[in-house]
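So you can see what is in the structure, the chains are spelled out below.
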Amino acid sequence: MSEHQPDGETVDAATVLPAEPEYVAGGSRRRKRSRLPGCLAVLVALALIGGGLWFAGTKVTDFVSDRFSSAPDYDGPGRGRVLFEVSSGDSAAAICRGLKDEDVVASVDSCISAAQADSESAGIQVGFYELQKEMASADAIDVLVDPANLLTSSVTVPEGLNVDQVVDVLAEGTDFGAGRFRNVLDQPQKIGLPDYADGNPEGYLFPSTYAFGPKDKPKDMLGAMVDRWEQAAEEADLEGAAEELGYTPHELMTVASLVEAEGRGDDMPKVARVIYNRLENPENGVTNGLLQIDAAVNYALDKSPIARLTLDEIDSVADSPYNTYTQQGLPPGPIEAPGDAAIEAAAAPADGPWLFYVTVNLETGETKFTESYDEFLGFRRELDEYCDTQSDRC
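Residues numbered from 1 in each chain as written. Predicted model: local features only at pLDDT ≥ 70, side-chain atom pairs only at ≥ 80, totals over all residues. Heavy atoms only, no water.

## A closer look at the environment of F356
Positionally, F356 belongs in strand 5 (residues 356-361). Residues F356 and L377 lie 21 residues apart in sequence; the distance between their C-alpha atoms is 9.6 Å. Among residues more than four places away in sequence, those in contact with F356 are V274, R278, V286, T287, K368, F369, T370, E371, S372, Y373 and F376. (Helix = DSSP H or I, 4+ residues; strand = E, 2+ residues; numbered from the N terminus. Contact = heavy atoms within 4.5 Å.)

Have a look at this one:
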């Protein structure tokens, strides 16, 4: 905040201090003077100086007080509706100038005075607020200091959704129809996808909770999701990890999406290791370069994930590049949006020899890992028993 203060008044001490004692012309000694009048003169001078400073200080204080107290201010309560934005880096003076420009307050000075009087004004948050024209400055500041008055649309996009499902969530949580979002996705260069995504947003619309402002459009919302993905990728050092592991960043994102679909919690880095072990040893005589991940086949089928696929379902999409039972290697891209944990797991997989994993309890997520095909078959029987006796989710 800035204070407005006039130049202070000054007092010239030379006009009130006594003159230096004089020498008598042609004499060798100073003329004698009484000490009492000199002391009295000094006291008088000090009193004059002190009085002058008090007077000047009082005038400055009165000037500042009078300036703000006399600044024009509306009585309120206001009229109409004003959508006002506080931008990052705005000072109180900048906010008050903006309020004056919108005719929310009558003057910048009255607004600054109200902000100075409110200890919470230093914490005004960036965003949009609904105000009125011709408000009392104190009332306008009261609105801005309360975070509850921020105008946002809060939308939570959970992990593991594909692009179509993300669009449905956005359409339900905002004022825009699904078609508006799809139109933007048809022009993916508008939302900042990395070059290696090759224009396909699948996997790059990061799952999180977003607070969208009233002026945000579908392009802004989808762009914010890609920005949040970029943050997660940087934190996991996605590109550095891809180079170290011998893959492209897009391939690591594909692995991350498979991990998101198949793993939970602390098991995610182990699931990532199983995928890499199968990819990197295709001649092992057991898995032969096939990932055999049901979630990828479900993506090809355009179905929600299920625990077990039938042979008929697998065969129905045998030629799909996403059919990891019939096609070796990774599918061509992510199958859903991975969160932080899955991206980190793909970038930093656990160490281990495992080639198989089976989630034997769909309620708790208990997952067992092995490099033995016979032990894997035992885990499958354990899952079958669970599905037959304890769950209808299979």
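## Remarks on helix 9 (residues 249-262)
With 14 residues, helix 9 extends 20 Å between its outermost C-alpha atoms, agreeing within 8% with the 20 Å of an ideal straight helix rising 1.5 Å per residue. Where helix 9 is concerned, the buried positions are P249, H250, L252, M253, T254, V255, A256, S257, L258, V259 and E260. Contacts from the buried residues of helix 9 go to helix 7 (218-235), helix 8 (238-245), helix 10 (268-280), helix 11 (294-301) and helix 13 (340-347). (Expected span 1.5 Å × (residues − 1). Buried < 20%, exposed > 50% of the residue type's maximum accessible area, 1.4 Å probe, protein only.)

## Comments concerning the packing of aromatic side chains
According to the stated counting rule, one finds 12 aromatic pairs in the structure shown. Considering the side-chain rings of Y196 and Y204, the 6.4 Å spacing of their centres and the 55 degrees angle between planes classify their relative orientation as tilted. The class for Y204 is buried, based on a relative accessible area of 0%. Ring geometry for Y210 against F212: centres 5.7 Å apart, planes inclined by 0 degrees, an arrangement best described as stacked. Given the relative accessible area of 7%, Y210 is considered buried. Look at F212 and you get buried, because its relative accessible area is 4%. (Phe/Tyr/Trp six-rings, centres within 6.5 Å; stacked < 30°, edge-to-face > 60°.)

## Considerations on the packing of helix 10 against helix 13
Where helix 10 meets helix 13, the closest approach of the two axes is 8 Å, and the angle between their N-to-C directions is 45 degrees. Taken together, helix 10 and helix 13 sit at an angle that is classed as oblique. Helix-helix and strand crossings are classified by hand; for helix 10 and helix 13 the assignment is right-handed. The residues of helix 13 that touch helix 10, namely those facing M268, P269, A272 and Y276, are A341, A342, A345 and A346. Looking at the contact of helix 10 with helix 13 residue by residue, the class counts come to eight nonpolar, no polar and no charged. (Axes fitted to C-alpha atoms, helices over the stretch in contact; angles between N-to-C directions. Parallel < 35°, antiparallel > 145°, perpendicular 65-115°, else oblique. Left-handed = near helix turned anticlockwise from the far one by under 90°. Nonpolar A, V, L, I, M, F, W, Y, C, P; charged D, E, K, R; others polar.)

## Examining the nonpolar core
Grouped together as the largest cluster of nonpolar side chains are 59 residues, with contacts concentrated most on L170, L222, W229, V259, I275 and I343. With sequence-adjacent residues up to four places away left out, L170 is seen in contact with V155, V157, F181, F212, L222 and M225. In terms of nonpolar packing, the next biggest core, distinct from the first, is built from 23 residues, V104, M135, A140 and L144 among them. (Core = buried A, V, L, I, M, F, W, Y, C linked by side-chain atoms within 4.5 Å.)

## Quick look at the environment of Y299
Residue position: Y299 is located in helix 11. According to the relative accessible area criterion, Y299 is partly exposed, its value standing at 25%. With 36 residues separating them in the primary sequence, Y299 and I335 have C-alpha atoms 6.3 Å apart. Non-local contacts of Y299, meaning those with residues more than four positions away in its chain, are made with N162, E202, Y322, P334 and I335. Only 2.8 Å separates the side chain of Y299 from the side chain of E202, close enough to count as a polar contact. (Polar contact = N/O pair within 3.5 Å; in protein donor to acceptor, adjacent residues only side chain to side chain.)

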